[in-house]
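Structure assessment
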Amino acid sequence: MKEFWTREDWELFPTLRGPHKADAVVVGGGLTGMTAALWLCRAGLKVVMLEAETLACGATARCGGMLSLTNRLMMENLENQRGSGAAGAYLRAQMTSFGAIRSLAEETADAFDWQDADTGILAPSARTHLEEEAHTLRRAGAAAEVTPSGPSPFPCAGVLTLKNMATLHPIKYFQHLTRSAVGLGLRIFEHSRVTALETNMAQTHQGIVTAPYIVIATGYPIINVPGWYFLRLWQRRRSLLPLGTKPAFEGMYVDASGRFGLRKWQDGVLLQLDGGMVGQPMGEDVSAVYRHQYAPYLDGARVTEIYEGVETFSA
């Protein structure tokens, strides 16, 4: 699959060979794995990262670079299903994570193209659920408000706005994480697919790492038992479309049900589209969906490239 975000001055890392020891092993070299590795290194642990292919080659290279506490209507449902305590704990964890990323942005001069931006969650019909969602968000401490459609790029019945979110360049951010973690002693091995895991051991085709802690940060679980993780997760297709049209909006916008995400990028916009569940037949192809549903509201901008990937969600 093609990568959208370009990688400059990319360091190559060796393949794991022979036995190694560490305090922690991180399996998976994307944004999630590198973030975990950095914080483990900052805690003083000796960390080894194992990546099956090359760093940041998966969803990281084709994500939208949009940072938001939520990218769809979900908090009300979470509160109804799990209670206000669970919803509040989830949102506070999201807010803590966002604050940690903002702090990392302040550590570097170029700030990996960090831009403060509000998130607008668009509801296609009645605004009732937006009000309930906003109430749940505010109760947990988030700055959320509901307004009429206003400057929304697409028709909608209302907008739930999350204040003070952000956009960034994912690979520049990833490179900052990598430099920081390597500077603290992280050892990275590429082309080192984990083939077996035990309580304190990760094995590849050519090597073994023993460590008391193992963090799995892959796009999909590499083991099925004892947790039967494959039954708890599902994957959806994601397509990233760079468009040359001049943005007529501020901030970023997402659909209430997760069908799209839209943000400013350089002199144009980035549109991220949901392509449905992996394993299920597709309807119209991405180009047709864009032409019929989105192009009329984006100056009819033509699509020249489509960057396709997969995103994993918990069930």
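Attention in this report is confined to the structure presented alongside it. All chains use their own residue numbering, which begins from 1 and follows the written sequence. Selection of residues for local features in this predicted model requires a pLDDT of at least 70, selection of side-chain atom pairs for listing and counting requires 80 or more, and totals for whole chains, interfaces and linings are taken over all residues. Hydrogen atoms and water are omitted, and side-chain values are computed over all heavy atoms in the structure.

The subject of this paragraph is the overall build of the chain. Starting at the N terminus, helices and strands are each numbered in turn, a helix being any DSSP run of H or I of at least four residues and a strand any DSSP run of E of at least two. Looking only at helices and strands, one finds six helices and 17 strands in the chain. Among the 315 residues that make up the chain, the fraction classed as buried is 46%. Contacts are assigned to residue pairs with any non-hydrogen atoms lying within 4.5 Å of each other. Within the chain, contacts between residues at least 6 apart in sequence are counted, and of these 73% link residues at least 24 apart. Accessible surface computed for the chain: about 15,900 Å², of which carbon and sulfur atoms make up 52%. For each residue, the accessible area found with a 1.4 Å probe, counting protein chains only, is set against the maximum for its type, and the residue is called buried under 20%, exposed over 50%, and partly exposed in between. Reported accessibility uses the Shrake-Rupley method at a 1.4 Å probe radius. Residues are deemed covered only where the shown protein chains occlude them.

Now for the packing of helix H1 (residues 31-42) against helix H5 (residues 170-183). Here H1 crosses H5 at 30 degrees, and the two axes come no closer than 9 Å. By the angle class used here, H1 and H5 are roughly parallel. Handedness of the H1/H5 crossing: left-handed. On H5, the residues touching Leu 31, Met 34, Thr 35, Leu 38 and Cys 41 of H1 are Pro 170, Tyr 173, Phe 174, Leu 177, Thr 178, Ser 180 and Ala 181. In this description, a line fitted to the C-alpha atoms serves as the axis of each element, helices being fitted only across the stretch in contact, and the angle between N-to-C directions of two axes falls anywhere from 0 to 180 degrees. Any angle between 65 and 115 degrees counts as roughly perpendicular, while under 35 counts as roughly parallel, over 145 as roughly antiparallel, and the rest as oblique. Two helices cross in a left-handed way if the nearer one is turned anticlockwise from the farther one by less than a right angle. They cross in a right-handed way if the turn is clockwise.

Before going further, it helps to spend a moment on unusual backbone geometry. Located in the positive-phi region is Asp 113, a residue other than glycine, with phi close to 60 degrees. Along the chain, the position of Asp 113 falls in the loop between helix H3 (84-105) and strand S5 (115-123).

One pair of aromatic rings is described through two measures. These are the centre distance and the angle between the planes. The pairing test for Phe, Tyr and Trp rings, Trp by its six-membered ring, is centres within 6.5 Å, and the orientation test on the planes gives stacked under 30 degrees, edge-to-face over 60, and tilted for anything in between. Summed over the entire model, instances satisfying the criterion amount to nine aromatic pairs. The interplanar angle of 75 degrees and the centroid separation of 5.6 Å between the aromatic rings of Phe 260 and Tyr 294 together place this pair among those described as edge-to-face. Linking Phe 260 in strand S15 (residues 260-265) with Tyr 294 in helix H6 (residues 286-294), this pair joins segments that are 34 residues apart in sequence. Grouping residues by exposure puts Phe 260 and Tyr 294 together as buried. Members of the aromatic cluster, connected to one another through ring pairs, are Phe 154, Phe 260, Tyr 294 and Tyr 297. Over the aromatic face of Trp 39 sits the side chain of Arg 42, whose NZ or CZ is 5.0 Å from the ring centroid. Here, a charge over a ring is recorded when the distance from Lys NZ or Arg CZ to the ring centre is within 6 Å and its angle to the ring normal is within 35 degrees.

Working definition: the strands of a sheet are paired by backbone hydrogen bonds and lie parallel or antiparallel to each other. Any two strands with at least two DSSP bridges between them are considered paired. With parallel pairing, the four strands of this open sheet are ordered in space as S8-S3-S2-S12. Of all the strands in the sheet, just strand S8 (187-189) and strand S12 (213-216) have a single pairing partner and so form its edges. On average, each strand axis in the sheet is tilted by 15 degrees relative to the strand beside it, whichever way the strands run.

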